[in-house]
Amino acid sequence: MSYRFVYIGLGLLALAIVALAAVFAQEGDAVEVPAPLEAIAPEPGSRVIPQAVVEVDLEVGHVATIYIDGLPIPDPAFVEATGVYTWAPHPGSPVLNEWTPGEHTVRVEWRRIVGTPAVGEFEWAFRVG
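Worth saying up front: this structure is predicted, and the values here are computed from it rather than measured.

Section: the sheet that holds strand β7 (residues 84-87)
The strand order β1-β3-β7-β6 describes an open sheet built from four strands, whose pairing is antiparallel. Pairing within the sheet leaves two strands with one partner each, and these edge strands are β1 (37-41) and β6 (77-79). Averaged over all adjacent pairs, the angle separating strand axes in this sheet is 10°, with direction ignored. Of the pairings in the sheet, the one linking β1 to strand β3 (residues 54-58) comprises four bridges and is antiparallel in character. Within β3, the position partnered with A39 by the bridge is D57.

Structure, rendered in structure tokens:
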């Protein structure tokens, strides 16, 4: 009968260790992007699946031009209220019909359309496959 208490105790100890590891585990380094960028995806240096979507989140009041592998993206989806641009390769796209395996470079150039003029750019790369 005492072995049951030992097994229960070991089970509870293992559960506590897993719970503490989940709570105190450090996430990867945060990606530092210059203002007015708020977030980008995929993260620089990351490896993604061929269905990946490029996302650029700018502060409201800015517009962007996005380049993939040096080619301008003519048709990114844009939500003006949030400042989020998204794009993924699709059939009929003049840039890419699908992500090819290997490294891809994204460059975003922005300008402020509200208040004093301000421009900037940021570039990063990720791998497909």
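Topic: the environment of G61
Locating G61 in the fold gives a position in the loop between β3 and β4 (62-68). The exposure class of G61 is buried, given its relative accessible area of 14%.

Here we look at the pairing of strand β9 (residues 119-128)
When strand β2 (residues 47-48) meets β9, the two strands line up parallel, connected through two bridges. What sits directly across from R47, in β9, is R127. Relative to β9, strand β8 (residues 102-112) runs antiparallel, the two sharing 10 bridges. In the strand pairing of β9, V106 is matched with W124. Counting the residues that bridge the hairpin from β8 to β9 gives six residues, and of these G115 lies at a positive phi of roughly 85°.

As for the side chain of D57
Relative to the assigned elements, D57 resides in strand β3. It turns out D57 is buried and unbridged, and the closest side chain with the opposite charge, R112, is 15 Å from it.

Points about the side chain of S93
Take S93: it is sitting in the loop between β7 and β8. One polar contact links the side chain of S93 to the main-chain carbonyl oxygen of L96, over a distance of 3.4 Å.

With respect to the nonpolar core
One finds V56, I68, W99 and V108 to be the most contacted residues of the largest nonpolar core, which totals 23 residues. Elements that contribute at least two residues to this core include exactly β1, β3, β4, β7, β8 and β9. The element that contributes the greatest number of residues to this core is β9, accounting for four residues. Among residues more than four places away in sequence, those in contact with I68 are V54, I73, W87, V95, L96, W99, T105 and V106.

Things to note about the sheet that holds strand β5 (residues 71-72)
The strands making up a sheet are joined through hydrogen bonds of the backbone, oriented either antiparallel or parallel. Ordered in space as β2-β9-β8-β4-β5, the five strands form an open sheet in which the pairing is mixed. Two strands bound the open sheet, and with one partner strand each, they are β2 and β5.

Topic: the pattern of salt bridges
As enumerated under the stated definition, the model contains one salt bridge in all. Notably, a salt bridge pairs R107 with E109, separated by 2.9 Å at the nearest N-O pair. Residue classification places R107 among the partly exposed positions, given a relative accessible area of 22%.

Conventions and cut-offs
Residues numbered from 1 in each chain as written. Predicted model: local features only at pLDDT ≥ 70, side-chain atom pairs only at ≥ 80, totals over all residues. Heavy atoms only, no water. Pairing = 2+ DSSP bridges. Helix = DSSP H or I, 4+ residues; strand = E, 2+ residues; numbered from the N terminus. Axes fitted to C-alpha atoms, helices over the stretch in contact; angles between N-to-C directions. Buried < 20%, exposed > 50% of the residue type's maximum accessible area, 1.4 Å probe, protein only. Lys, Arg positive; Asp, Glu negative; His and termini not counted. Salt bridge = Lys/Arg side-chain N within 4 Å of Asp/Glu carboxyl O. Polar contact = N/O pair within 3.5 Å; in protein donor to acceptor, adjacent residues only side chain to side chain. Core = buried A, V, L, I, M, F, W, Y, C linked by side-chain atoms within 4.5 Å. Contact = heavy atoms within 4.5 Å.

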